[in-house]
Amino acid sequence: MAGTFIKLYNVDAEPASAFFLNEGRIFFYASTADKYAISGKNLIVGATEIIMREKLGTDALRVETAVAEGGSSLKKMAPEKIIQGLKNYSISLNVSMVIARQVLLSNNIINANISLLEGDEKKTRELSIEFYAAVERIRSEYDKRKLPWLKELLKTHETNLTYKRGEAFSKSAEPVKITATKNLADKLVEYERGDVICEEDTTGNEMFILESGAIDVLLKGNKVATIEDSGTVFGEMALLLGEKRTATLKAKNNVVVTRIKKEDLRYVAEKQQEVLESIAMALAKRHYYNIVKIRSINRSLVESSLKEEEEGKKPSQLEKTRKDFALFKRELSAAVKGKEASFLEDLLSDDDA
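Residues numbered from 1 in each chain as written. Predicted model: local features only at pLDDT ≥ 70, side-chain atom pairs only at ≥ 80, totals over all residues. Heavy atoms only, no water.

1. A word on the nonpolar core
1) Next: With 39 residues, the main nonpolar core has Ile51, Val95, Ile260, Val275 and Leu283 as its most contacted residues.
2) Next: If you list the elements that add at least two residues to this core, you get strand E2 (18-29), helix H1 (48-54), helix H2 (79-85), helix H3 (89-114), strand E9 (206-212), helix H7 (236-241), helix H8 (265-271) and helix H9 (274-309).
3) Next: No other element matches the eight residues that H9 contributes to this core.
4) Next: Setting aside anything within four residues of it in sequence, one finds Val275 in contact with Ile178, Leu184, Met207, Ile260 and Val268.
5) Next: In this structure, Ile26, Ile38, Ala60 and Ile110 belong to the second largest nonpolar core, which totals 26 residues. (Core = buried A, V, L, I, M, F, W, Y, C linked by side-chain atoms within 4.5 Å. Buried < 20%, exposed > 50% of the residue type's maximum accessible area, 1.4 Å probe, protein only. Helix = DSSP H or I, 4+ residues; strand = E, 2+ residues; numbered from the N terminus. Contact = heavy atoms within 4.5 Å.)

This is how it looks when you write it as structure tokens:
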């Protein structure tokens, strides 16, 4: 096998370039145990971390290892070419489609690995998400009030592993948001209460941006969520990849959406270029945190296996998560009492921390 593969980059390396794959196949190693492949012609790969750094302001390093199969034809693309290219229809569409495929494939890995988790590991995941949300609430309050003690509380807890784990699970599920569609008024469509906007297991050839109203999300006929925030994009994965829709969306009340069909994408990019750019940015974040999530799940699986072999020798991840949450709530409780911070009392419930 020696000499039949070309290393493009290692995990934790600086994202020095993306790559234009003229033809061939690239393997991405999300962990030592999990990999997926992207193959085809004229594809731009390796853009995720560049977008994370240059457009989203993070200091992201490579989150996975990439290896090209021998015989693949590719060339480097400078980061600035990727960022400038996001304003170009062809490049932004290419980048979005590749990253959407990476999101889909990494989702498959996550779903397979989560199915291996049992009660304690699932509870760890749920508590980590709750802990992340609580710390982010502290951040939002500090941004509004600029109280020094809020900043100290934030600094204490935003660096621990429970926060990082919750961040990965939360950010990989964040929807695409587009704040203004003023130039796309001709694409507005209204739905009345009870109307089905799109249906589970049907092939998608259009995406939507919610302008007003609320939309129920149903899986196998059961409501699992409601979309209410104006600017939320849905259906973009089905549109970009031609995959079947994963949920049914039904108007909860009178709803207005901007509806974009695949054949409209070039027109949309010309009328309002930030639509595709926003999708590429959101997909990059989703892909990045999917890989972080895979690592977290793998750590849970490894720790669970070790616990079976070394029962009682060290605290479980769930115990450590509960300890982190308990410490956070003790410090928060003291702060609320000492600083008359009643605006944070809702975070002090005793649920399972």
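That covers the picture; the talk isn't over yet.
2. What to know about the layout of surface pockets
1) Next: Put simply, the largest pocket is a space of about 1,300 Å³.
2) Next: Those elements that provide at least two residues to the lining of the largest pocket are H3, strand E6 (176-177), strand E10 (215-219), strand E11 (222-227), strand E12 (232-234), H7 and H9.
3) Next: A volume near 520 Å³ is recorded for the second largest pocket.
4) Next: Contributing to the lining of the second largest pocket are 21 residues, with Lys164, Glu167, Tyr288, Tyr289 and Val292 lying nearest its centre.
5) Next: Mapped by element, the contributors of at least two residues to the lining of the second largest pocket are helix H4 (119-145), helix H6 (161-171) and H9. (1 Å grid on protein atoms, 1.4 Å probe; cavity = no way out; pocket = protein on both sides within 12 Å on 5 of 7 lines; lining within 4 Å. Points joined across faces, edges and corners; volume = space filled by probe spheres on them.)

3. A short note on the side chain of Gln102
1) Next: Counting through the fold element by element, Gln102 comes out in helix H3.
2) Next: Beyond its immediate sequence surroundings of up to four residues, Gln102 is in contact with Phe28, Tyr36, Ile38, Thr48, Glu64 and His287.

4. Considering the sheet that holds strand E13 (residues 248-251)
1) Next: Here we have four strands laid out as an open sheet, ordered E8-E13-E10-E11, and antiparallel in their pairing. With one partner strand each, in any of the chains shown, strand E8 (196-198) and E11 form the two edges of the open sheet. Neighbour-to-neighbour, the strand axes of this sheet turn through a mean angle of 35°, independent of strand direction.
2) Next: Of the strand pairs in this sheet, E8 and E13 are connected by two bridges, and their pairing is antiparallel. For Val196, the partnering residue across the bridge sits in E13 and is Lys250. (Pairing = 2+ DSSP bridges. Axes fitted to C-alpha atoms, helices over the stretch in contact; angles between N-to-C directions.)

5. Quick notes on the pairing of E13
1) Next: Bridging between E10 and E13 involves four bridges; their strand directions are antiparallel. Looking at the pairing, Ile215 lines up with Ala251 of E13.

6. Quick look at the environment of Glu136
1) Next: As for its position among the elements, Glu136 is in helix H4.
2) Next: Its relative accessible area of 22% is what places Glu136 among the partly exposed residues.
3) Next: Spatially, the C-alpha atoms of Glu136 and Leu154 are 8.4 Å apart, while their sequence positions differ by 18 residues.
4) Next: At 2.6 Å, the side chain of Glu136 and the side chain of Tyr163 are in polar contact. (Polar contact = N/O pair within 3.5 Å; in protein donor to acceptor, adjacent residues only side chain to side chain.)

7. With respect to the side chain of Glu49
1) Next: Looking at where Glu49 falls in the secondary structure, it is placed in helix H1.
2) Next: Residue Glu49 is classed as buried on the basis of its relative accessible area, which comes to 1%.
3) Next: There is a polar contact of 3.0 Å between the side chain of Glu49 and the backbone nitrogen of Val63.
4) Next: Those residues in contact with Glu49, other than ones at most four positions away along the chain, are Pro15, Leu61, Arg62, Val63, Glu64 and Tyr288.

8. With respect to the packing of aromatic side chains
Between two aromatic rings, the relevant description is the distance of the centres plus the angle of the planes.
1) Next: Counted by the stated rule, this structure contains nine aromatic pairs.
2) Next: Ring plane angle 90° and centroid distance 5.4 Å describe the contact between Phe131 and Phe325, whose orientation is recorded as edge-to-face. Taken together, the residues span a long stretch of sequence, with Phe131 in helix H4 and Phe325 in helix H10 (residues 317-339) at a distance of 194 residues. The exposure classification of Phe131 matches that of Phe325, with both residues buried.
3) Next: One aromatic cluster is present, built from ring pairs that chain together Phe131, Phe325 and Phe328.
4) Next: When the ring centre of Phe343 is taken as origin, the NZ or CZ atom of Arg145, which lies over that ring, is 3.6 Å away.
5) Next: Across from the ring centre of Phe325, 5.1 Å away, lies the NZ or CZ of Lys329, which sits over that ring. (Phe/Tyr/Trp six-rings, centres within 6.5 Å; stacked < 30°, edge-to-face > 60°. Lys NZ or Arg CZ within 6 Å of the ring centre and 35° of its normal.)

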